[in-house]
Amino acid sequence: MATFSFSDLYNIDSLQGLVTSLTAALGIGIGIRDQEGKYLLRNGSNAGICHDLLEKSPVADLPDDPASAPARRTFSPCIRFCPAFGLTDALIPIGVDNVLIAVMQVGWVRLSEDNISDEEYRTIARALQVDEDLYLEEAHTFPLISREHFDNIVNALSLIMEQLSLLGHKNLYLKSVISSLESQEFLHQQEKNILADLAEKDSMTGLYNRRKFEEAVTLYSRLKTRKICMISGDANFLKLTNDIFGHESGDLLLQAIAKIMNDLAKSDWLVARCGGDEFRVILPDTTLETALDYCRRVARDCRRDKSLTLPLSIALGAAEWDSEKESLQDCFSRADAKMYQNKTALKHELRIPNYIMERLYDRQILVREVVENTARIALEFALYLNFSEEHAQEVSLAAHYQDIGMAKLPESFVIRGQSRTEEETSQIHLHVTHSYTMARQFDELYKLADIIHCSHENWNGTGYPVALKEEHIPMESRIIHLTSDYVRLTHRSATAKYYTKEAMKQKLVQDSGSIYDPKLVPAFLEYLRTQAE
């Protein structure tokens, strides 16, 4: 199948001039048609019944097989006598690289050897159902020549068409060369654009990089008459995210913040990531109030984004350039100082462990009622055992966050009670180590990390994660294990086994000395009895 057309390879206007000149010189009609018979070039408009009928004549199939034709040569011409009209024409194919793209039609003519009488023309007119006299008159306007003369005309035009085919081959080659060069130029330009982007864009976020930011600062520093604001930003919890959830999660955090900052910025503002968790914005022709409003909107959209396990948050500070008293870099330093003030305030506002627990409730990995009741009963039982208030609060706090490490379970993970697969069970067991690692990241949980780490160990050493046994398990962890199982297994759930409180008390007695501390079980049962009174 050809992927090019006649008009792709030739100048139509120039060829029209050639066809017109040949028509005048040879005294014979000439036109070029495509394979469907549509005229591409013609020798002029000829009105009349005969011409109307002849123009609708089909382009005949050519005798040569295209596959057998030599490269860059045309097919053989075909001379046709049409008894229905009493006229003769010739078809000279035009091919390029064995592909037929057009046909030159020569004629119609009356051959002296085949000339018919006027009565035969009238018979043809009657068959065509047209006016006999008018048809006869028009038929005599077609040139009358000998077959030898017509053959010479056809041969001469065939040679011209062969040269036209060769020209088409060369034009096709040049066209492919030009197309290749254009493709190479396009690819080269794409490479240049990519390199230009790499030179001034941050590959992770798509924002401008430090180099571009510093170039812009240099440029704007000369424009002392313009009102310019600067914003300094610092993404919160990047290190925490990397440490707990890995660098891929840290990258997602940076990308999410970058998208919000870029989407809310005006087109002439320059938003840049200058490395690590640093973001900077230059706001030309902008008031301080507009800059502060932008900071508020960025903070708002970050708060609304709940796609990550840790809160999306960035500390921002803004300053307006006083070009008469300071450099643009001084202005940025003031914005940076305000950013650090805001970062300190945000650190106290955002309680990350609570945020993580809320996400676990939303994902239905943990049940809020179970967690809160476990913490409450652990506090009460510790007080019942004569722990100090402060010590009992620590036990309660550790009980509350003992399963925080489940935040590292895949988003698709669903707690399915007794129908867990071996891999899912392994992931759940591993969460205790994650809870320990995460607890060590937070000031309020740091000293409770060891208690959390041992809260799933069994008295007989069959627990996890390190199979501690008996007195090697911290007392606080033994209390949490006991109270946690009691609350969890007496909570009605569609995904886990349920015990009545009485049945659970019997289970505690049965598992005393194997799963639970045998000294704590009777004390806990006594505590429960006192609570029921």
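Just above, that's the structure.
Residues numbered from 1 in each chain as written. Predicted model: local features only at pLDDT ≥ 70, side-chain atom pairs only at ≥ 80, totals over all residues. Heavy atoms only, no water.

Draft legend 1. Spotlight on unusual backbone geometry. Cis geometry is found at the peptide bond from Gly-107 to Trp-108, where omega equals 15°. Considering the arrangement of structural elements, one finds Trp-108 in strand 5 (residues 99–111). With an omega of 20°, the peptide bond running from Tyr-464 to Pro-465 counts as cis. Inspection of the secondary structure puts Pro-465 in the loop between helix 16 (449–453) and helix 17 (475–489). (Helix = DSSP H or I, 4+ residues; strand = E, 2+ residues; numbered from the N terminus.)

Draft legend 2. Spatial organisation of helix 14 (residues 389–401). For helix 14, with 13 residues, the first-to-last C-alpha span of 19 Å sits near the 18 Å given by 1.5 Å per residue. Within the span of helix 14, buried status applies to Ala-392, Glu-394, Val-395, Ser-396, Ala-398, Ala-399, His-400 and Tyr-401. In this structure, the buried residues of helix 14 make contact with helix 12 (352–362), helix 13 (368–384), helix 16 and helix 17. (Expected span 1.5 Å × (residues − 1). Buried < 20%, exposed > 50% of the residue type's maximum accessible area, 1.4 Å probe, protein only. Contact = heavy atoms within 4.5 Å.)

Draft legend 3. Structural view of the sheet that holds strand 9 (residues 278–284). If you walk across this open sheet you meet the four strands as 8-9-7-10, and the pairing is antiparallel. At either margin of the open sheet sits one strand with a lone partner, and together these are strand 8 (270–273) and strand 10 (314–320). Across the sheet, the axes of successive neighbouring strands diverge by a mean angle of 15°, strand direction being ignored. Where strand 7 (residues 228–235) and strand 9 come together, seven bridges link them in antiparallel fashion. By the bridge assignment, Ile-231 is partnered in strand 9 with Val-281. Helix-sheet contacts for helix 7 (residues 210–221) involve strand 7, strand 8 and strand 9, and the interaxial angle to strand 9 is about 30°. Most of the contacts of helix 11 (residues 328–349) go to strand 10, to which it runs at about 145°, and overall it touches strand 7, strand 9 and strand 10. (Pairing = 2+ DSSP bridges. Axes fitted to C-alpha atoms, helices over the stretch in contact; angles between N-to-C directions.)

Draft legend 4. Summary view of the pattern of salt bridges. Following the criterion strictly, the structure yields 32 salt bridges and no others. The closest approach of N and O atoms between Arg-122 and Glu-132, which form a salt bridge, is 3.6 Å. Of the two residues, Arg-122 is situated in helix 4 (residues 118–128) and Glu-132 in helix 5 (residues 132–139); the sequence distance between them amounts to ten residues. The exposure class of Glu-132 is partly exposed, given its relative accessible area of 25%. (Salt bridge = Lys/Arg side-chain N within 4 Å of Asp/Glu carboxyl O.)

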